[in-house]
Amino acid sequence: MTSAPQRPDGPTPTPRLIATDLDGTLLRDDKSVSPRTVAALAAAEEAGIEVFFVTGRPARWMDVVSDHVHGHGLAICANGAAVVDLHAGREFVQVRSLPQAAALAVVDALRIAAPGTSFAVELTTGINYEPAYPPFFKDPAARIATAEELLREDTDGGGAPVLKLLAHHSEIAPDEFLTLARSAAGAYASITRSSPTALLEISGHGVSKASTLALCCAERGISPDEVVAFGDMPNDVEMLNWAGTSYAMGNAHPDVIAAASGRTVANNEDGVALVIERILAELIARQQA
């Protein structure tokens, strides 16, 4: 039986924008969008509330929601490193890249602090990775080389921008790896994680879902108080702290639960849809009062 979401304290302002993570949040574990969620997203857009997909996924992996894009069609990808127009063939509207020098400094620091770390380099054109990195079967054209080689190839400035560096460790626990990496390399870049494994995602300093969402909202004259956000993993924490109203999923990481102002049920129980339905019902009630 699905329980009601735990509401944030105080009245919820009428939102102008809903910002939702995908994996573990909007998507079910089988990576589908349920009919109930599809209907809720469409109803929100019809009511004049923009919906932003805000994800760690690269643009090329946005096919999971391409059939459910309404209105503006923009998505924030790669943990804030890119704003993508899903209506225009996943065209990059904005890129907030990771400088090669900073990426190399992170690689050097983690080689020392966590021996056995393997790396991948996510570019606007695709992903390349080291021989020891878990292979991406969705990217058979990836170049295989050391991170140092992959990053130094483009130091002349003529290559594709680096969106993020990924670091994987097969033996260290995920949260322990994140803490260690932030201590060793946090001076060079923003470091977070969204995977249940020890896989870290490393972006340019100050780049996060929250900071890019804030830029997009400022362009639209939307304040944090007018944003409702949803998430489940550490890469969502800054966004949930920034938004005026935020929900941790029932399956969320403890840090996410601590950051959010409210809580909804798990992704497999349509937790995002449940909240959107309630928001729209309250909006209709206010209009009729």
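Use the structure listed above.
Draft legend 1. Representation of the sheet that holds strand β9 (residues 190-193). Read from one edge to the other, the open sheet built from five strands follows the order β7-β6-β8-β10-β9, with strand pairing classed as antiparallel. Among the strands making up the open sheet, the edge pair consists of β7 (126-129) and β9. Neighbour to neighbour, the strand axes of the sheet diverge by 25 degrees on average, direction disregarded. Pairing geometry for strand β6 (residues 118-123) and β7, over four bridges, is antiparallel. Residue pairing across strands places Glu122 opposite Ile127, the latter belonging to β7. Running over the sheet, helix α3 (residues 100-113) touches β6, β8 (162-168) and β10 (199-203) and is turned about 5 degrees from β8. The strands touched by helix α5 (residues 174-185) within the sheet are β8, β9 and β10, with β9 carrying the most contacts at an inclination of about 180 degrees.

Draft legend 2. Local environment of unusual backbone geometry. One non-glycine residue, Ala78, adopts positive backbone phi at about 55 degrees. Relative to the assigned elements, Ala78 resides in the loop between β3 (74-77) and β4 (82-85). The phi angle at Asn79 is positive, at roughly 60 degrees, despite the residue not being glycine. Mapped onto the fold, Asn79 is located in the loop between β3 and β4. Classification of Asn79 as buried rests on a relative accessible area of 2%.

Draft legend 3. Focus on the environment of Ala113. Assignment of secondary structure puts Ala113 in helix α3. The class for Ala113 is partly exposed, based on a relative accessible area of 31%. For the pair formed by Ala113 and Phe177, sequence separation is 64 residues and the distance between their alpha carbons is 9.9 Å. Leave out the neighbours within four places in its chain, and Ala113 touches Leu180 and Ala184.

Draft legend 4. The nonpolar core, seen in detail. With 34 residues, the main nonpolar core has Leu22, Phe53, Met62, Val65 and Ile276 as its most contacted residues. Mapped by element, the contributors of at least two residues to this core are α1 (22-26), α2 (35-46), β2 (50-54), β3, β4, β11 (227-231) and α9 (271-288). If you tally residues by element for this core, the top one is α9, at six residues. Beyond its immediate sequence surroundings of up to four residues, Met62 is in contact with Leu22, Phe53, Thr55, Arg57, Ala75, Cys77, Leu86 and Arg90. In terms of nonpolar packing, the next biggest core, distinct from the first, is built from 30 residues, Leu98, Leu123, Leu150 and Ala181 among them.

Criteria and cut-off values
Residues numbered from 1 in each chain as written. Predicted model: local features only at pLDDT ≥ 70, side-chain atom pairs only at ≥ 80, totals over all residues. Heavy atoms only, no water. Pairing = 2+ DSSP bridges. Helix = DSSP H or I, 4+ residues; strand = E, 2+ residues; numbered from the N terminus. Axes fitted to C-alpha atoms, helices over the stretch in contact; angles between N-to-C directions. Contact = heavy atoms within 4.5 Å. Buried < 20%, exposed > 50% of the residue type's maximum accessible area, 1.4 Å probe, protein only. Core = buried A, V, L, I, M, F, W, Y, C linked by side-chain atoms within 4.5 Å.

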